[in-house]
Amino acid sequence: MTQSTKNVRTRFAPSPTGSLHVGGARTAIFNWLFARHFNGEFILRIEDTDQERSTDESITEILDAMQWLGLDWDGKPFRQSERLNIYQEHANKLLESGHAYKCYVTPEELEEKRKEAQSKGEVLRYKREWAKLNESPNNPYAIRLQTPDEGTIEVQDLLRGTITFDASEVDDFIILKRDGFPTYNFAVVVDDATMDITHIIRGDDHLINTPRQVLIYNALSYDIPQIAHVSMILGADNKRLSKRHGATSVVAFKDQGYLPEAIINFLSRLGWSYGNQEIFTKEELIEKFTLDNVGKSAAVFNEEKLEWLNSWYIKNEPPEKIGELVLPLLKEKGLNIDIDEKLIKIIKELSQRAKNLLDIADTIDYFYADGIEFEEKAKSKFLTPAIKPVLSDITERLSDLSEFNTDEMHKVFDQVMEERELKLGKIAQPIRVSLTGGTVSPGIFEVMDILGKDEVLKRLNKALDVIPNEDVSN
RNA sequence: GUCCCCAUCGUCUAGCCUGGCCCAGGACAUCGGCCUUUCACGCCGAAAACAGGGGUUCAAAUCCCCUUGGGGACGCCA
């Protein structure tokens, strides 16, 4: 890639009309990685020029999500709504230089013309003479850029090379709305130029806007930054990812117990790759990310793979860290505990079986319950009169242990198995049901170790109480 | 409809730029097996793709063209 990578400065420019969705997050990640890779700067710019749809809640949500993902930005986020005078100055300059003109036609009139064209199966082409409609010093106006009528407009894309558009495809478009706010294309150019952005990485839905932006750069005599259009993320049906596809916002995944590491890892690999490597730490991503390995085709959001990555991180991150993350979930369930040796042991076991943090919180109950309930099916299948003597025997021997550790437990079980000529498979499930109430849990020795001697004996005795005695009359 | 982009297993992708090492490699998911104390984990294995057609070339997944398919854009939204 023959691009300059000195003083790199990238930006993420969300519009605050909702929370951060995964597509936006991927764009943010690429820009962030690119900047960090080249020791450059990554700035945030809130594109809130749509007064109707922009909200402060969205801004907060987006910034929170960015922070949660660990995408730190340099300096204070810019807000376009606070830079109106800058856009107006630039628009006036274009007015003076003859690159732009005032247009008095109303949105309503245009809408009517648009409908008319549509009914004829056509697309509305703006005609320059409409600008004069309603012209009067007192009437509001928008400002339009005067665009060339013929020739071509070339766009240089870092990923796709030179893309040529016919000038006739671009009609005179609005740069400043009648409310004094800039339109997207204009604000983007003015901002990227005045904010010294060196590299723009954005979704390829913006590719079609780029010739317009090129025209603005030229009219303003600004240099054009390096631009890379990455392909979009699609849903499983190959359609543009939207709410219809279920969870698409970053917070939704957070709420479902996903780790930021998994999301970053997953999203980074959508459209980018590094040989056959699947797992990347943040540091590795920064080290290895360049535009050279970014692909051009659209990627389908594959939630199963995200899930796999998430379970990988849950298994491989330090249990202390996972513990910190599940603590609030446990609080929600009324389990007010702190990180201690017991919790860490539990996490080590449960994380092997969890796809997300919720799984851990959902399967932890019996470790802390004061008196467990037996699942009916489990009870009737495994807590049988036939097994009662065995359970009773084991309970007695366990209670005799002075050292209650897994080695000693194993010895007890080995003895019982040998004396009674039973396989572990025969006694493990009754023990498991006795200790956890159900048929699914980590290994019984681990469970006993975590529960401790007193609790184990308590539960075994309770189980013995509920098992009817074997009918010995016959 | 017009314009723009894209095209390797179901999915994410390696390989493509700099043709031969590719009867195409990895991962997720699927299926089978092993391990086993349940559930998982883990390990081993299987099935699974160069969209189609023309060129160029001794040789094409790799270069060119067309077709087809998919996506995107056609706003005083961003």
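Definitions and limits used
- Residues numbered from 1 in each chain as written.
- Chains lettered and ligands numbered in written order.
- Predicted model: local features only at pLDDT ≥ 70, side-chain atom pairs only at ≥ 80, totals over all residues.
- Heavy atoms only, no water.
- Helix = DSSP H or I, 4+ residues; strand = E, 2+ residues; numbered from the N terminus.
- Rg over C-alpha atoms; globule rule 2.2 N^0.38 Å.
- Buried < 20%, exposed > 50% of the residue type's maximum accessible area, 1.4 Å probe, protein only.
- Near = heavy atom within 4 Å.
- Polar contact = N/O pair within 3.5 Å; in protein donor to acceptor, adjacent residues only side chain to side chain.
- Core = buried A, V, L, I, M, F, W, Y, C linked by side-chain atoms within 4.5 Å.
- Contact = heavy atoms within 4.5 Å.
- Phe/Tyr/Trp six-rings, centres within 6.5 Å; stacked < 30°, edge-to-face > 60°.
- Lys NZ or Arg CZ within 6 Å of the ring centre and 35° of its normal.
- Domains from an automatic or database assignment.
- Buried area = accessible area lost by both parts, 1.4 Å probe.
- Salt bridge = Lys/Arg side-chain N within 4 Å of Asp/Glu carboxyl O.
- Pairing = 2+ DSSP bridges.
- pLDDT = per-residue confidence, 0-100.
- Axes fitted to C-alpha atoms, helices over the stretch in contact; angles between N-to-C directions.
- Right-handed = clockwise from strand over helix to strand, strands pointing away.

Colleague: Hey, could you run me through the overall build of chain A in this one?
Modeller: Counting its secondary structure elements, chain A contains 20 helices and twelve strands. Taking 474 residues into account, the globule formula puts the C-alpha radius of gyration at 23 Å, and chain A, at 32 Å, lies well above it. Principal-axis analysis of the C-alpha atoms gives chain A an extent of 110 × 45 × 35 Å. Taken across its 474 residues, chain A has 49% of its residues classed as buried.

Colleague: Is there a simple way to think about the protein's contact with RNA strand B in this case?
Modeller: The environment of RNA strand B is formed by 61 residues, the closest being Val 105, Arg 160, Lys 239, Gly 271 and Ser 441. What you see for RNA strand B is that sugar and phosphate hold 69% of its atoms within 4 Å of the protein. One nitrogen or oxygen atom from the side chain of Glu 169 is found 3.4 Å from a sugar or linking oxygen belonging to RNA strand B. Among the elements of the structure, helix H4 (107-119), strand E7 (161-166), strand E12 (299-300), helix H10 (303-316), helix H18 (424-436) and helix H19 (444-451) are those that each provide at least two residues to the surface near RNA strand B.

Colleague: Help me understand the nonpolar core in this model?
Modeller: Generally speaking, soluble globular proteins have nonpolar side chains that are buried together. With 103 residues, the main nonpolar core has Met 66, Phe 301, Leu 398 and Phe 413 as its most contacted residues. Here this core gets nine residues from one element, more than from any other, and that element is helix H1 (residues 22-37). Setting aside anything within four residues of it in sequence, one finds Leu 398 in contact with Phe 404, Met 409, Val 412, Met 448, Lys 453, Val 456, Leu 457 and Leu 460. Formed by 34 residues, the second largest nonpolar core is a distinct cluster that contains Ile 153, Ile 163, Ala 167 and Ile 216.

Colleague: For this particular structure, what's the right way to read the packing of aromatic side chains?
Modeller: A ring pair, where both rings are aromatic, is described by two values, the distance of the centres and the angle of the planes. If you walk through the whole model with that rule in mind, you get 13 aromatic pairs. Ring geometry for Trp 272 and Tyr 274: centres 6.3 Å apart, planes at 25°, overall stacked. For Tyr 274, a relative accessible area of 34% translates into the label partly exposed. On the numbers, 4.6 Å between centres and 40° between planes, the contact of Tyr 366 with Phe 367 is tilted. The exposure class assigned to Tyr 366 is buried, which follows from its relative accessible area of 11%. One aromatic cluster is present, formed by Phe 30, Trp 272, Tyr 274, Phe 280 and Phe 289 through successive ring pairs. Here the basic side chain of Arg 212 rests over the ring of Phe 173, its NZ or CZ set 5.7 Å away from the ring centre.

Colleague: Where do I start with the domain arrangement of chain A in this structure?
Modeller: Interface size is commonly expressed as the accessible surface area that is lost when the partners come together. Partitioning chain A into structural domains gives domain 1 (1-78 + 231-316), domain 2 (319-368) and domain 3 (371-474). Computed over C-alpha atoms only, the centres of domain 2 and domain 3 are separated by 24 Å. Counting the surface lost from both domain 2 and domain 3, the interface buries some 850 Å², and carbon and sulfur atoms represent 67% of this. Its salt-bridge partner being Lys 345, residue Asp 449 comes within 3.1 Å of it at the nearest N-O pair. One can count two residue pairs in polar contact (both at pLDDT 80 or more) joining domain 2 with domain 3. Among the elements of the structure, helix H12 (341-350) and helix H14 (365-368) are those that each provide at least two residues to the side of domain 2 that touches domain 3. No other element matches the five residues that H12 contributes to the side of domain 2 that touches domain 3.

Colleague: Honestly, the side chain of Ser 54 in this entry has me stumped. Any pointers?
Modeller: For Ser 54, the position within the fold is in the loop between strand E2 (41-46) and helix H2 (56-69). Here the side chain of Ser 54 touches Asp 50 through a polar contact of 2.9 Å, landing on its backbone oxygen.

Colleague: Got a minute to help me understand the pairing of strand E5 (residues 142-145) in this structure?
Modeller: On a regular strand, each side chain points to the face opposite its neighbour's, so the side chains alternate between the two faces of the sheet. On E5, burial covers both faces: Ala 142 and Arg 144 on one face and Ile 143 and Leu 145 on the other are all buried. For E5 and strand E8 (residues 174-176), the ladder comprises two bridges, and the chain directions are antiparallel. Following the sheet pairing, Ile 143 is matched in E8 by Leu 176.

Colleague: Hey, could you run me through the confidence of the model for chain A in this one?
Modeller: Close inspection of predicted coordinates is inappropriate in any region flagged by low pLDDT. In this model, chain A carries a mean pLDDT of 94, and residues with pLDDT of at least 70 account for 98%. ipTM for the predicted complex: 0.96, alongside a pTM of 0.95.

Colleague: For this particular structure, what's the right way to read the sheet that holds E8?
Modeller: Hydrogen bonds between backbone atoms are what pair the strands of a sheet, whose relative direction is either parallel or antiparallel. Spatially, three strands are ordered E4-E5-E8 in an open sheet, and the strand pairing comes out antiparallel. Two strands close off the open sheet at either side, each with one partner strand: strand E4 (100-103) and E8. Sheet twist, expressed as the average angle between the axes of neighbouring strands with direction ignored, equals 45°. In this sheet, E5 lies alongside E4 in antiparallel orientation, the contact comprising four bridges. Paired with Lys 102 across the strands is Ile 143, a residue of E5.

Colleague: Teacher, can you tell me more about the pairing of E2 here?
Modeller: Buried residues dominate E2, accounting for five of its six residues. Sheet analysis places strand E1 (residues 9-12) next to E2, joined by four bridges and oriented parallel. The residue of E2 that forms the bridge with Thr 10 is Phe 42. For the handedness criterion, the β-α-β arrangement of E1, H1 and E2 is classed as right-handed. Crossover connection from E2 via H2 to parallel strand E3 (residues 78-79): handedness right-handed.

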